[in-house]
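What the coordinates show
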Amino acid sequence: MGPVPSIAIVGRPNVGKSRLFNRLAGHRISIVHDRPGVTRDVVTAESADGYMLMDTGGLGLRESMTPVEIQDAAETPVAFAMEAADLILFVCDGRDGLAPLDEMVADKLRRLGKKPLLIVNKIDFADQVGRADEFAKLGFEDFHRVSAEHGFGVDDLVEEIRKRLGPVENESPASEERPIRMAFVGRPNVGKSSLCNRLLDAERLIVSEIPGTTRETTTRELDYKSKDGQSWRFRLFDTAGLRRRKKIADSLEYFSSLRTEEAIKQTDVALLVLDAREGVTKQDKAMAGLIVDAGKAFVVVINKWDVAVDGFRRDPLSGYKDENHFRSEYEKAARKELFVLPRFPMLFVSAKTGLAIEEMLSAVRRVDKGLDRFLPTPDLNRTIINMMESRPPAARKGKRFKIFYAVQTNTRPFTIRLFCNRVDRLEDVYQRYLTNGLTTRFDLLGAPLRFTLTGKEVRYAKKN
Ligand code: GDP
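Now for a description of the structure that goes with this document. Values in this document were obtained by computation on a predicted structure and should not be read as measured data.

The next point concerns the environment of Ala406. Along the chain, the position of Ala406 falls in strand S15 (residues 403-410). Between the C-alpha atom of Ala406 and that of Thr377, which follows or precedes it by 29 residues, the distance is 7.1 Å. Leave out the neighbours within four places in its chain, and Ala406 touches Thr377, Leu380, Asn381, Ile384, Ile416, Arg417 and Leu418.

Now the structure itself:
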């Protein structure tokens, strides 16, 4: 699914923007209230065609403004919303005729490099059509005459919008057919090769070799038949060739080696393999960092669980009630160690006994499936508003980081553009706070989140 196209409705006050907004909106109107530190003056809704509509209120412009004030108004949240929009509906008032402020808005749009759809509103009766002619002076290609009040011309407008933006794509059924690219990554001896072999030996599998994309990795197509008879397709990047190199493999150098990064780069979902006997080591964390930095989704696999369970069984004094208790305590401790990572599935498996291998693959599928989502902009903004209210960013030299508007711009990895006052004021701790809140709210499983910031640039070099 592609991003949902967005439409900003702009124009000087009282030209009928809200009326038009209501005409175009479907049912779900969400009002973004004026609250400290967050979006102001922008109301969003979903249009009947599924586009995101943004009503920008008065654009912050008044007749009495000086040119400097108008320039400053370009930095309001409204301007940010305009910048984010795929299409701008520039509304004028056909009853009033062309006003100086219309020309200012037109000018501003031109400076932003936007080609708006000009709409002359309040053409309520057939004999008023000629009133719109003078708006040709604004120099935009074409314009639409409508009566937002009575609905004249609105259907044509909707048609034109559809023509410009195209249909909102729905989840493509084809994505179900595409094999999920995956690779086992982890320290030496955690059992990556064994897991590969376990998969390749599985009876439930049809394996076909396809030419590797790099010399170091072999790529295999797996067609796994699940217990309930479904066909699950994967493309496995097998780094088993690493085996021979164990001698040199213990240095940290190994982990950040080109090969690992290469394997990670090619995956949809990386399986980070840990050795149950050793818990979460420093190198495991470094490896997790590589995956997240590459923007890749992941599942954590605790391998050799058979050994851990044996150990637990042999030790009557372990203090755990039963195996489940042992596992849940283990999981809690491991997750605490991996706290820098977003939400992710953790599987307890054994390459040796075949324990939970299907569950592991199922988790990979679940994670992959979530990666193509586009988070609804109103929900996204509401979540951020709530988070910023319950824990505002720390003030630096009396100034606070503010987010005016947020919109998801990409997937794989999830990328969220934040329109903010100053790009340099988003601190790492706060970024992590936002990441955690969003991954929880939208249940982004095993998926790293990226923020891109749009706002005033830093005027001095940032020290890291
Ligand atoms: P790699 O370096 O990550 O590819 O690790 P290998 O697959 O070569 O495994 C390292 C050692 O751990 C080998 O001796 C395996 O037999 C053993 N091993 C791997 N997985 C398991 C497991 O689930 N249970 C047990 N008991 N041993 C395992």
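The structure having been displayed, the exposition proceeds.
Right, let's get into the side chain of Asp223. Structurally, Asp223 is set in strand S10 (residues 218-225). Separated by 3.4 Å, the side chains of Asp223 and Lys225 make a polar contact.

It is worth spelling out the pattern of salt bridges at this point. Following the criterion strictly, the structure yields 32 salt bridges and no others. The residue Arg187 makes a salt bridge to Glu278 at a minimum N-O spacing of 2.8 Å. Of this pair, Arg187 sits in the loop between strand S8 (180-185) and helix H6 (192-201) while Glu278 sits in the loop between strand S12 (269-275) and helix H9 (282-293), and the two are 91 residues apart along the sequence. The buried category is assigned to Arg187, whose relative accessible area is 9%. Take Glu278: its relative accessible area is 42%, and that puts it in the partly exposed class. A salt bridge links Arg335 to Glu331, with the nearest nitrogen and oxygen atoms 2.9 Å apart. With Arg335 and Glu331 both in helix H11 (residues 323-337), this residue pair falls 4 residues apart, about one helical turn. A residue is classified by how much of its surface remains accessible, and Arg335, at 29% relative accessible area, is partly exposed. Given the relative accessible area of 23%, Glu331 is considered partly exposed.

With that settled, consider the site of the ligand. Taken together, 17 residues lie around the ligand, and Asn189, Lys192, Ser193, Ser194 and Asp306 are the ones closest in. In this structure, an oxygen atom belonging to the ligand sits 2.7 Å away from a main-chain N or O atom of Lys192. Ser350 places a side-chain nitrogen or oxygen 3.2 Å from an oxygen atom of the ligand. For the ligand, the accessible surface in isolation is 570 Å², of which the surrounding protein chains cover 76%. When contributions to the shell around the ligand are tallied by element, the ones reaching two or more residues are H6 and helix H10 (305-314).

Before going further, it helps to examine the side chain of Ser350. Tracing the backbone shows Ser350 in the loop between strand S14 (346-348) and helix H12 (357-370). Within the structure, Ser350 has its side chain in polar contact with the backbone nitrogen of Thr353 (distance 3.0 Å). With residues up to four places along the chain from it excluded, the contact list for Ser350 reads Asn303, Lys304, Trp305, Asp306, Leu355 and Ile357.

On to the pairing of strand S13 (residues 297-303), then. Taken across its 7 residues, S13 has 7 buried, putting it largely inside the fold. Burial along S13 is two-sided: the face carrying Ala297, Val299, Val301 and Asn303 and the face carrying Phe298, Val300 and Ile302 are both buried. One crossover worth recording links S12 to the parallel S13 by way of H9, and it is right-handed. Pairing geometry for S13 and S14, over 3 bridges, is parallel. Bridged to Val300 within S14 is Met346.

Turning our eyes to something else, we now look at the packing of aromatic side chains. Inspection of every chain in the model, using the stated rule, returns 13 aromatic pairs. Relative to Phe348, the ring of Tyr330 lies with its centre 5.9 Å away and its plane at 85°, an arrangement referred to as edge-to-face. Placement of the pair is Tyr330 in helix H11 and Phe348 in strand S14, with a sequence separation of 18 residues. Neither residue differs from the other here; Tyr330 and Phe348 are each classed as buried. Measuring from centroid to centroid gives 5.2 Å for Tyr430 and Tyr433, while their planes differ by 50°, and the two rings are tilted. Here the residue Tyr430 and the residue Tyr433 both occupy positions in helix H14 (residues 428-441), the gap between them amounting to 3 residues, near one helical turn.

Let's shift gears to unusual backbone geometry. Put simply, Arg412 and Pro413 share a cis peptide bond, and its omega is 0°. Along the chain, Pro413 falls in the loop between S15 and strand S16 (414-422). The backbone of Lys122 shows a phi angle near 65°, a positive value even though the residue is not glycine. Within the secondary structure, Lys122 sits in the loop between strand S6 (117-121) and strand S7 (143-145). Relative accessible area serves as the criterion here: at 15%, Lys122 is assigned to the buried category. With a phi angle near 45°, Arg412 is a residue other than glycine that sits in the positive phi range. Secondary-structure assignment places Arg412 in the loop between S15 and S16.

As a further point, take the pairing of strand S5 (residues 87-93). The element S5 is extensively covered by neighbouring structure, given that 7 of its 7 residues are classed as buried. Of the two faces of S5, the one carrying Leu87, Leu89, Val91 and Asp93 and the one carrying Ile88, Phe90 and Cys92 are both buried. Relative to S5, strand S1 (residues 6-10) runs parallel, the two sharing 4 bridges. Counted as the bridge partner of Ile9 is Leu89 from S5. Relative to S6, S5 runs parallel, the two sharing 5 bridges. Paired with Val91 across the two strands is Ile119, which belongs to S6.

Basis of the calculations
Residues numbered from 1 in each chain as written. Predicted model: local features only at pLDDT ≥ 70, side-chain atom pairs only at ≥ 80, totals over all residues. Heavy atoms only, no water. Helix = DSSP H or I, 4+ residues; strand = E, 2+ residues; numbered from the N terminus. Contact = heavy atoms within 4.5 Å. Polar contact = N/O pair within 3.5 Å; in protein donor to acceptor, adjacent residues only side chain to side chain. Salt bridge = Lys/Arg side-chain N within 4 Å of Asp/Glu carboxyl O. Buried < 20%, exposed > 50% of the residue type's maximum accessible area, 1.4 Å probe, protein only. Near = heavy atom within 4 Å. Areas by Shrake-Rupley, 256 points an atom, 1.4 Å probe, with all protein chains shown as cover. Right-handed = clockwise from strand over helix to strand, strands pointing away. Pairing = 2+ DSSP bridges. Phe/Tyr/Trp six-rings, centres within 6.5 Å; stacked < 30°, edge-to-face > 60°.

In short, shape yes, function no, at least from these values alone.
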